[in-house]
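Coordinate analysis (summary)
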Amino acid sequence: LVSVSHATHVSPAALLIKMKQMPKTEDEWKKKLSPEQYNILREKGTEMPHTGKLLHSKGKGMYACTGCGAELFSSDTKFDSGTGWPSFDNPENTENVELKKDFLHGMIITEVICKKCGGHLGHVFNDGPTETGKRYCINSCSLEFKKAK
């Protein structure tokens, strides 16, 4: 069962084509993604801070998952956290984002995962400067920017 949010602008036929193109094996993922994207999305890696192509992006539009194209974050929720990774205060579509406890370097933190493809996106922290109090710290490599029309 696939649910399509009213916020998406994809026809049901286009969605079915996109679903069929989703890699099913790790070998298929390796062919689809660059080595850095594979390391981050599939092996839960992290890009070096201050190196991501979308860190200073200020355009209006939508940030989608590099692995599958699921819409994740609106540019309206992006802010400069000073941490070296693109930061957002809230997902655009919570149906596309999964939060999972992660045990990283002896700390318990919350991992952000794309619900559609299972790709690792980054982590969320409770120290954001907006009214949500959240800072979704997301790897640029996990995102593609779709400029608003």
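Everything numeric in this text was worked out from a predicted model, so none of it was measured.

Calculation rules
- Residues numbered from 1 in each chain as written.
- Predicted model: local features only at pLDDT ≥ 70, side-chain atom pairs only at ≥ 80, totals over all residues.
- Heavy atoms only, no water.
- Core = buried A, V, L, I, M, F, W, Y, C linked by side-chain atoms within 4.5 Å.
- Buried < 20%, exposed > 50% of the residue type's maximum accessible area, 1.4 Å probe, protein only.
- Helix = DSSP H or I, 4+ residues; strand = E, 2+ residues; numbered from the N terminus.
- Contact = heavy atoms within 4.5 Å.
- Pairing = 2+ DSSP bridges.
- Polar contact = N/O pair within 3.5 Å; in protein donor to acceptor, adjacent residues only side chain to side chain.
- Salt bridge = Lys/Arg side-chain N within 4 Å of Asp/Glu carboxyl O.

Thoughts on the nonpolar core
Cys65, Leu121 and Ile138 are the most contacted members of the largest nonpolar core, which has 22 residues in total. Sorting the residues of this core by element identifies helix H3 (35-43), strand S1 (61-65), strand S2 (71-74), strand S6 (107-114), strand S7 (120-125) and strand S8 (135-138) as the ones contributing at least two each. What Ile138 contacts, discounting residues up to four positions off in sequence, is Phe73, Trp85, Pro86, Phe88, Val112, Leu121, Gly122 and Leu143.

Considerations on the sheet that holds strand S3 (residues 78-79)
Ordered by their spatial adjacency, six strands build an open sheet running S3-S4-S8-S7-S6-S5, and the pairing between neighbours is antiparallel. Since the sheet does not close on itself, it has two edges, and those belong to S3 and strand S5 (97-104), each with one partner. Direction of pairing for strand S4 (residues 87-88) relative to S8: antiparallel, over a ladder of two bridges. When the bridges of S8 are listed, Phe88 appears paired with Tyr136.

Remarks on the side chain of Gln37
Among the secondary structure elements, Gln37 is positioned in helix H3. There is a polar contact of 2.9 Å between the side chain of Gln37 and the backbone nitrogen of Ser34. With residues near it in sequence (within four places) discarded, Gln37 still touches Arg42, Thr66 and Cys141.

A few points about the pattern of salt bridges
Side chains that differ in sign of charge can pair as their charged atoms come close. Within the structure shown, the criterion is met by five salt bridges. Ionic pairing is found between Glu26 and Arg42, a salt bridge with its closest N-O pair at 3.1 Å. Here Glu26 is found in helix H2 (residues 26-32), whereas its partner Arg42 is found in helix H3, with 16 residues between them in sequence. Classification of Glu26 by relative accessible area gives partly exposed; the value is 35%. Asp76 is paired through a salt bridge with Lys60; the nearest N and O atoms lie 3.0 Å apart. Of the two residues, Asp76 is situated in the loop between S2 and S3 and Lys60 in the loop between H3 and S1; the sequence distance between them amounts to 16 residues. Comparing Asp76 with Lys60, the two get one shared label, exposed.

Section: H3
Residues of H3 that are buried: Gln37, Tyr38, Ile40 and Leu41. In the stretch just after H3, Lys44 is the one whose phi turns positive, near 60 degrees.

What about the pairing of S2?
As defined by bridge partners, S1 adjoins S2 across three bridges and the pair is classed as antiparallel. Opposite Ala64, over in S2, you have Glu71 as the bridge partner. What sits between the antiparallel neighbours S1 and S2 is a turn of five residues, in which Gly69 has the positive phi angle 85 degrees.

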